[in-house]
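Remarks on the overall topology
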Amino acid sequence: MQISNRNINSNSTNFRGMLNNKTLLKGLEKISEHGTSFAAGTSLVMALGVRPLAILSTPNTEKENKQYASTNSICSGLIKFGLVEAIALPVENAVKKIDQNPQKYLKPSTIKNLQSSSEKLIDSKSYNLATQILKLGTGFLTAVPKSMLTIALLPVLMDKIFHIKKNDTQTTITQKPTSSQKPNTKQLSFNGKLTNLTAKGLGKILDNIKFQNFAKRHQYEEKNIAKHISAATDILLTSSFAYQTHKSKKIKDNRKKALIYNNVISTAITLTGGYSIDRLIKKQTDKFINKFAQINKADPKLSKYIEGINILRPTIIFAGIYYGILPVFSTYISDKIDKYLEKNHPEQNNPTY
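All figures in this text were calculated on a predicted structure; none of them were measured in a lab.

1. Here we look at unusual backbone geometry
- One non-glycine residue, Asn60, lies in positive phi territory at about 55 degrees.
- Along the chain, Asn60 turns up in the loop between helix 3 (35-56) and helix 4 (63-100).
- Phi is positive for Ser116, close to 55 degrees, though the residue is something other than glycine.
- For Ser116, the position within the fold is in the loop between helix 6 (108-115) and helix 7 (125-141).
- Ser116 gets classed as exposed once you look at its relative accessible area, which sits at 52%.

Printed below as a string of structure tokens:
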């Protein structure tokens, strides 16, 4: 009997050790600070590998439709990650500066209002909601430019990967030779000044009393904000992509509809399935967070860890559905819809190639 108790205690210790593991905690902190970057990085890995392979393996589907869909996945992943590095990363770094020294960037009245009854500002639900909106909102704001760049790059990559192009004119991309150089101290200084300037600009947004009141009213949505902003971004991105695809003169007319249907079907099922799965596992997630909070209650960064968990969960769910489960289904269905419409409404499909 004593041996049994010793085993139980040992298992409990191991579980406890896993939940306060330094690597895990550091990872969750980084996800909290760079939520948009984490989502873009996850999308990049899946978009360059898992989704194209799944699409290309779809049976009974026209080869060129599969090639356009897989190339779109690659374009989308590359551009999303590029925009994150250019826009979202500076915002995330600026918010981190505000977290570390709120007195420098925020009015005393703002700190008092957002902090409310919390001991520290970073522990406040309303403050965390407000800063998450600023960080994750960059994905929403860049959705339209992302779709425009994707459409522009799509024919180029189709030519480079599958040797399919609109005409005989080839686009030559020249790259300047790179050289290994020491870090440019002037550049580092400029980046520091830019981050500081961005932090001041975001501080003015946080100082807005209407934004503060909004954050306070919806503070209990803090754990769901990543999911909601991701969904809104996907809807805007898909709508913009469909419009840009329809208007594009560089994508073959007889491939546009299948490409649009593929994206619309993928987004619709991803959001429906993502919200459903998230709702099903919510109770288990809440139990895990409560256990996690108890074990790490003395850690001053606990709120950051929990924020990281709430970003990690929907990111993995949506990415798993969109990039792993759906590609074969959406590619097959969109191809069949396109063929059906072409057969029954030939006047709507007048290819110029």
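2. Comments concerning the pattern of salt bridges
- Summed over all chains, the structure comprises 13 salt bridges.
- Between Lys96 and Glu33 there is a salt bridge whose closest N-O contact spans 3.6 Å. Of the two residues, Lys96 sits in helix 4 while Glu33 sits in helix 2 (residues 22-33), which places them 63 residues apart along the sequence.
- Exposure remark for Lys96: the relative accessible area of 24% places this residue in the partly exposed category.
- Taking the relative accessible area as the measure of exposure, Glu33 reaches 7% and is therefore buried.
- A salt bridge links Lys223 to Asp286; the shortest N-O distance between them is 4.0 Å. Of this pair, Lys223 sits in the loop between helix 10 (209-217) and helix 11 (225-247) while Asp286 sits in helix 13 (residues 282-295), and the two are 63 residues apart along the sequence.
- Through salt bridges with shared partners, one network takes in Glu62, Glu64, Lys252 and Arg255.

Reading guide: rules and limits
Residues numbered from 1 in each chain as written. Predicted model: local features only at pLDDT ≥ 70, side-chain atom pairs only at ≥ 80, totals over all residues. Heavy atoms only, no water. Helix = DSSP H or I, 4+ residues; strand = E, 2+ residues; numbered from the N terminus. Buried < 20%, exposed > 50% of the residue type's maximum accessible area, 1.4 Å probe, protein only. Salt bridge = Lys/Arg side-chain N within 4 Å of Asp/Glu carboxyl O.

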